[in-house]
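Coordinate inspection notes
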Amino acid sequence: MLDKLKYIILGIIQGLTEPLPISSSGHLVIFKNLFNLDSLNDLNFEIIVNFASFLAISFIYRKDIIKLIKDSINYLKTKNYKYYYSFKYILLIILACIPAGILGLLFKDKIDLISTNVKYIGIALLITSLALFIVRKIDGKKHDNGITYKDSIIIGLFQGIALLPGISRSGSTLTGGLLRNIKKEDAVKFSFMLYLPISIASFILGIKDFTTSNNFNNLYISYILSFIFSFITTYFATKWFINIIKKKKLIYFSIYCFIMGLLVLIFM
């Protein structure tokens, strides 16, 4: 029962922190250290809770996703310009994913090494706090159809920086979007859209390990529980974050990351 509770708690932490600009990977490392759960380095768990977050965010943006796919297919069939912006938007998402993919391949070993040091997480949270503080009052003028390929590449580079645990992926891409003069709500949407292909790629790469793992038969109930709690908390955390952005209260997350970063550096 205690093991199941651990998986539930970590599933909730993943779900709460994945959509918020406070670093889900960083928080999982912090809480594993805090509650002496270092032995719970379960790749299957990470695959499952990330997939749950993917499904929750996909469900929230399901209408946008369906429209993007339908319009892109129609554009390829008809070359009708009214479908062009949806087709371009998908190209922008693909382009923005490339920098993180390249950086991940080049620096995977170094990133994995940093991931084991909780002090680095504290420093990274302070960096996230500073980035959010800088862009807290920025609200650009560009909507979805105004995002350029240059914007996409720059946002992709910001996402690449977020490969470091403690640097929030959503916070980094949101920062990149705001610095490129994109409106807050559209920058948030683009940030979440970027998460979807990254999550799919991680899931596909992890399928082999998942299917050949010896842990699955022993822990499948724990996995199911962590999946359910991660899905539910991701859904509500994402909806809440979108609402916070509309109210222009990004400063809340900057303050939180600053306090959490200091606490990690002082006490861990």
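Concerning the packing of aromatic side chains
- For the coordinates displayed, the defined rule picks out 15 aromatic pairs.
- Here W240 and F253 contribute two aromatic rings whose centre-to-centre distance is 5.7 Å and whose plane-to-plane angle is 75°, an arrangement assigned as edge-to-face. Here W240, found in helix α10 (residues 216–246), pairs with F253, found in helix α11 (residues 251–267); they are 13 residues apart in sequence, far enough to count as distant.
- Three or more aromatic residues link up through ring pairs in this structure, and these residues are Y61, F192, W240, F241 and F253.
- The lysine or arginine in question, K189, covers the ring of Y89, its NZ or CZ lying 5.5 Å from the ring centre.

Structural notes on the side chain of D71
- With respect to the element layout, D71 can be found in helix α4 (residues 62–78).
- By relative accessible area, which is 11% here, D71 ends up buried.
- Excluding anything up to four places from it in sequence, D71 contacts Y83 and S86.

Looking at a positive patch on the surface
- There is a patch of like positive charges on the surface, built from R62, K63, K239 and K246.
- Contributing elements (two or more residues each) for the positive patch: α4 and α10.
- As for its placement among the helices and strands, K63 is situated in helix α4.

Rules and cut-offs
Residue positions within a chain follow its written sequence, with the count starting from 1. Local features are withheld for residues below a pLDDT of 70 in this predicted model, meaning they are given only at 70 or higher, and side-chain atom pairs are given and counted only at 80 or more; totals for whole chains, interfaces and linings count all residues. The side-chain figures draw on all heavy atoms in the structure; neither hydrogens nor water molecules are used. Aromatic rings from Phe, Tyr and Trp, taking only the six-membered ring of Trp, are treated as a pair when their centres fall within 6.5 Å; an angle between ring planes under 30 degrees marks them as stacked, one over 60 as edge-to-face, and anything in between as tilted. Numbering goes from the N terminus for both helices and strands, where a helix is a DSSP run of H or I of at least four residues and a strand is a run of E of at least two. Remark: a charge is flagged as sitting over a ring if the NZ atom of Lys or the CZ atom of Arg is within 6 Å of the ring centre and within 35 degrees of the ring normal. Burial classification: accessible surface area is computed with a 1.4 Å probe over protein chains only, and a residue below 20% of its type maximum counts as buried, one above 50% as exposed, and the rest as partly exposed. Contact between two residues is taken to exist if any of their heavy atoms lie within 4.5 Å; hydrogens are not considered. Only residues above 30% relative accessible area that lack a salt bridge enter a patch, with like-charged residues linked at up to 9 Å and the nonpolar side chains Val, Leu, Ile, Met, Phe, Trp and Tyr linked at up to 5 Å. Reported accessibility uses the Shrake-Rupley method at a 1.4 Å probe radius. Residues are deemed covered only where the shown protein chains occlude them. Here a salt bridge means any side-chain nitrogen of Lys or Arg lying within 4 Å of a carboxyl oxygen belonging to Asp or Glu. Charged residues are defined here as Lys and Arg on the positive side and Asp and Glu on the negative side; His and the ends of the chain fall outside this count. A single reference atom marks each charge: NZ on Lys, CZ on Arg, CG on Asp, CD on Glu.

Geometric descriptors of this kind do not, in isolation, establish any biological role.
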